[in-house]
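The lines below spell out each chain.
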Amino acid sequence: MIRLDGVGQVFDGREGQVTALEEIDLHVRPGEFVTLIGRSGCGKSTLLRLIAGLLPPTYGEVRVADEPVTRPRRDVSFMFQRPALLPWRSVLSNVMLPVEIEGDKGRAAYRDRAHELLELVGLKGFEGRLPHELSGGMQQRVSLCRSLIRDPQVMLMDEPFSALDALTRTELSGELQRIKMELSTTIVFVTHSIEEAVVLADRVVVLTPRPGRVREVVDIDIPRPRSLGRNAHLTEVAEISGLLHGLLAEKEARPVDEVRP
Amino acid sequence: MTDTKRSWLTTSPVAAVLLPVVGLIGAIALWWLATVVFGIDSYLLPGPQDVVSTFLDQPAYLLKETGTSMIETVEGFLLAIVLGVPIAVLIVRSVILERLVYPLLLMVNAIPKIAIAPLLVVWMGFGQWPKVVMVLLVCFFPIVISTAQGMKSTPVELVELLRSLNASRIQEFFKLRLRYAMPQIFTGLKVAISLAVIGSVIAEFVGATQGLGYVIQQSGASADTSLAFAAITLLSIMSIVLFYGLVLLEHLLLPWAQETR
């Protein structure tokens, strides 16, 4: 579904060039849930923006659904760390924004879909509210509905739950897994929380900083549904979390020549 | 607040309306008292009752002059919006244009406007045009500055959101940037409307045959102080009405703005 071959990203900084990403090879299968984890500054968000087509790679190739990515695709949605809702638009109208920007094709059908999605995340009855009337968690739910409205093949999520309190975060990660199981969307999810990475993912990609490289790819075989809070698989989660923690804490990252497919 | 018990005068909505009224009546009472106690001649400082009776002598005439000033003010103000907002948008869009035009704008703004008033009469005669242009000149700058600032304040994540949805530049402008700038544009408009009234009076001082500024100038020549006071009172009422008209419009158009900023 998503394929990165020898991708690198170099930014022009104030003190010369900064290599944000180097030699990234990554292959995400259709329907897979991949989490990207790493310290801040390891280029996780940059990697996500490359896949989204928001940023062209300095070298290498990014492909989605076997086509090179040159600009944002309509079947790929992006969810930000902050809800990024337009403050003057009602909840419903915010969810409908992608459809509106695309043009008026099948507006009525999408409207029904929007109501359905809002109900799915427990926001029935809030369709007419303005964003500032909602809590942070509710706002991020609206943002989730917006990223689902066009039935995306791929969802790219940039630390979407990191600004929320622990309880809301647990709830939302549960809802995301439920939605994921229903829709079989491919998801690439950036986080800096080890536990979140383990609980959500089929595979965890560990990035090392400066320059950002793939340090390790870890398969997670814990049965679903999993939960951040009460968990039937606490030992497995703890075990893998420990492993990831070790990888992230390494001072000198050994270069990785080969990445497991 | 250090004291836990807050007075009725600070919390009640009734008091919020009542207090300004009390203040106004108090000021008028003091004014009247001063003229009586110090025995001031009415051609120096007329009492409030003199001003009211002057108005009641010729209400139709004074209201007509108020209307003239009001129309000039509003016309110049609207013209300043029509010219100022697009220019601000262009300045924000292009650095070259900003460098080219901005110093010029600053220079024009630095000129004391009253110095131009006689010139405007030479160029445009005694009709309403020199007044409208004068209003335009005083309003223009605050509108341009606040609009430009508003256009620059669009949050990065919202711009990125629209990019990720493949929005066109035009959609980005109308659906995001302009809408987001509205509260700041209104701040500029509120500054401008007060200046607009001053502008129209200045222009009417020089080469006019009607308008409240003309009335004030004429009454000065004939030492009719209470007529001048009546005209000044009408001017300030006009100014307040225009200002609160804008405030009302802002509340109606931007109900989201009070909460989000």
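The model shown is predicted, which means the values in this text are computed figures rather than measured ones. (Residues numbered from 1 in each chain as written. Chains lettered and ligands numbered in written order. Predicted model: local features only at pLDDT ≥ 70, side-chain atom pairs only at ≥ 80, totals over all residues. Heavy atoms only, no water.)

## Observations regarding the nonpolar core
Counting residues in each nonpolar core, the largest one holds 88 residues, and the members touching the most others are Ile2, Leu4, Ile24 and Leu156 of chain A together with Cys139 of chain B. Here the element with the most residues in this core is helix H9 (residues 169–205) of chain B; it accounts for 13 residues. Every residue in contact with isoleucine 2 of chain A, bar those within four places of it in the chain, is listed here: Leu26, His27, Val28, Ile51, Arg63, Val64, Val154, Thr186 and Val188 of chain A. (Core = buried A, V, L, I, M, F, W, Y, C linked by side-chain atoms within 4.5 Å. Buried < 20%, exposed > 50% of the residue type's maximum accessible area, 1.4 Å probe, protein only. Helix = DSSP H or I, 4+ residues; strand = E, 2+ residues; numbered from the N terminus. Contact = heavy atoms within 4.5 Å.)

## Comments concerning the sheet that holds strand S8 (residues 186–191) of chain A
Residue and element names in this part refer to chain A. In spatial order, the strands read S6-S7-S8-S3-S9-S10; together these 6 strands make up an open sheet with mixed pairing. Strands with a single pairing partner mark the edges of an open sheet, and in this sheet they are strand S6 (76–79) and strand S10 (213–219). With strand direction ignored, the average angle separating the axes of adjacent strands in the sheet is 15 degrees. Contacts between helix H8 (residues 234–249) and the sheet are confined to strand S3 (33–37), strand S9 (203–208) and S10, with S10 contributing the most and set at about 170 degrees to the helix. (Pairing = 2+ DSSP bridges. Axes fitted to C-alpha atoms, helices over the stretch in contact; angles between N-to-C directions.)

## So, the pairing of S10 of chain A
Residues and elements named next belong to chain A. As paired strands, S9 and S10 are joined by 6 bridges and run antiparallel to one another. Pairing of arginine 203 across the sheet is with aspartate 219, part of S10. Counting the residues that bridge the hairpin from S9 to S10 gives 4 residues, and of these arginine 210 lies at a positive phi of roughly 45 degrees.

## What to know about the UniProt feature "domain: ABC transmembrane type-1" (unreviewed entry) in chain B
UniProt's entry tags residues 66–250 of chain B with the feature "domain: ABC transmembrane type-1" (unreviewed entry), counted in the numbering of this structure. Helix makes up 88% of residues 66–250 of chain B and strand makes up 0%, while its end C-alpha atoms are separated by 25 Å. (UniProt positions renumbered as here; feature names shortened; annotations may be inferred.)

## Comments concerning the packing of helix H4 (residues 59–93) of chain B against H9 of chain B
All names here are of chain B. Their axes nearest at 8 Å, the elements H4 and H9 cross at an angle of 140 degrees. Regarding the angle of H4 to H9, the classification is oblique. The way H4 lies across H9 gives a crossing that is right-handed. Where H4 abuts H9, its residues Ser69, Glu72, Thr73, Phe77, Ile81, Val89 and Arg93 lie against Phe173, Arg177, Leu189, Ala192, Ile193, Ala196, Val197, Ser200 and Glu204. When its residues are assigned to classes, the contact of H4 with H9 shows 9 nonpolar, 3 polar and 4 charged. (Parallel < 35°, antiparallel > 145°, perpendicular 65-115°, else oblique. Left-handed = near helix turned anticlockwise from the far one by under 90°. Nonpolar A, V, L, I, M, F, W, Y, C, P; charged D, E, K, R; others polar.)

## So, the interface of chain B and chain A
At the interface, 19 residues of chain B touch 22 residues of chain A. Roughly 2000 Å² of surface becomes buried between chain B and chain A when both sides are summed, with 68% attributable to carbon and sulfur atoms. Counting every contact that joins chain B to chain A gives 3 salt bridges. Across the pair lysine 175 of chain B and glutamate 100 of chain A runs a salt bridge, and its minimum N-O distance is 2.6 Å. Taken together, chain B and chain A are joined by 6 residue pairs in polar contact (both at pLDDT 80 or more). Top element by residues in the side of chain B that touches chain A is helix H8 (residues 156–164) of chain B. It accounts for 7 residues. (Buried area = accessible area lost by both parts, 1.4 Å probe. Salt bridge = Lys/Arg side-chain N within 4 Å of Asp/Glu carboxyl O. Polar contact = N/O pair within 3.5 Å; in protein donor to acceptor, adjacent residues only side chain to side chain.)

## Things to note about helix H7 (residues 129–152) of chain B
All names here are of chain B. An ideal rise of 1.5 Å per residue puts 34 Å on 24 residues; H7 measures up with 34 Å between its terminal C-alpha atoms. Remark: the principal bend of H7, roughly 35 degrees, maps to cysteine 139, with a proline, proline 142, within the next four residues. Of all the 24 residues making up H7, 19 are buried; the element is thus mostly covered by neighbouring parts of the structure. (Expected span 1.5 Å × (residues − 1). Bend = angle between axes of the 7 residues up to and from the residue.)

## Notes on the UniProt feature "transmembrane region" (unreviewed entry) in chain B
Residues and elements named next belong to chain B. In the UniProt entry, the feature "transmembrane region" (unreviewed entry) is given for residues 12–34, 77–97, 104–126, 132–151, 185–207 and 227–249. The span residues 12–34 is 96% helical and 0% strand by assignment, and the distance between its end C-alpha atoms comes to 33 Å. For residues 104–126, the helix share is 83%, the strand share is 0%, and the end-to-end C-alpha distance is 28 Å.

## Notes on the packing of aromatic side chains
For any pair of aromatic rings, geometry is given as the distance between the ring centres together with the angle between the planes. Enumeration over the complete set of coordinates arrives at 8 aromatic pairs over all chains. Centre to centre, the rings of tryptophan 88 of chain A and tryptophan 256 of chain B are 5.1 Å apart; their planes meet at 55 degrees, and the pair counts as tilted. Of this pair, tryptophan 88 of chain A sits in the loop between S6 and helix H2 (91–95) while tryptophan 256 of chain B is found in the loop between helix H11 (225–253) and helix H12 (257–260), placing the two residues in two different chains. Ring geometry for phenylalanine 243 of chain B and tyrosine 244 of chain B: centres 5.4 Å apart, planes at 85 degrees, overall edge-to-face. For phenylalanine 243 of chain B, a relative accessible area of 26% puts it in the partly exposed group. (Phe/Tyr/Trp six-rings, centres within 6.5 Å; stacked < 30°, edge-to-face > 60°.)

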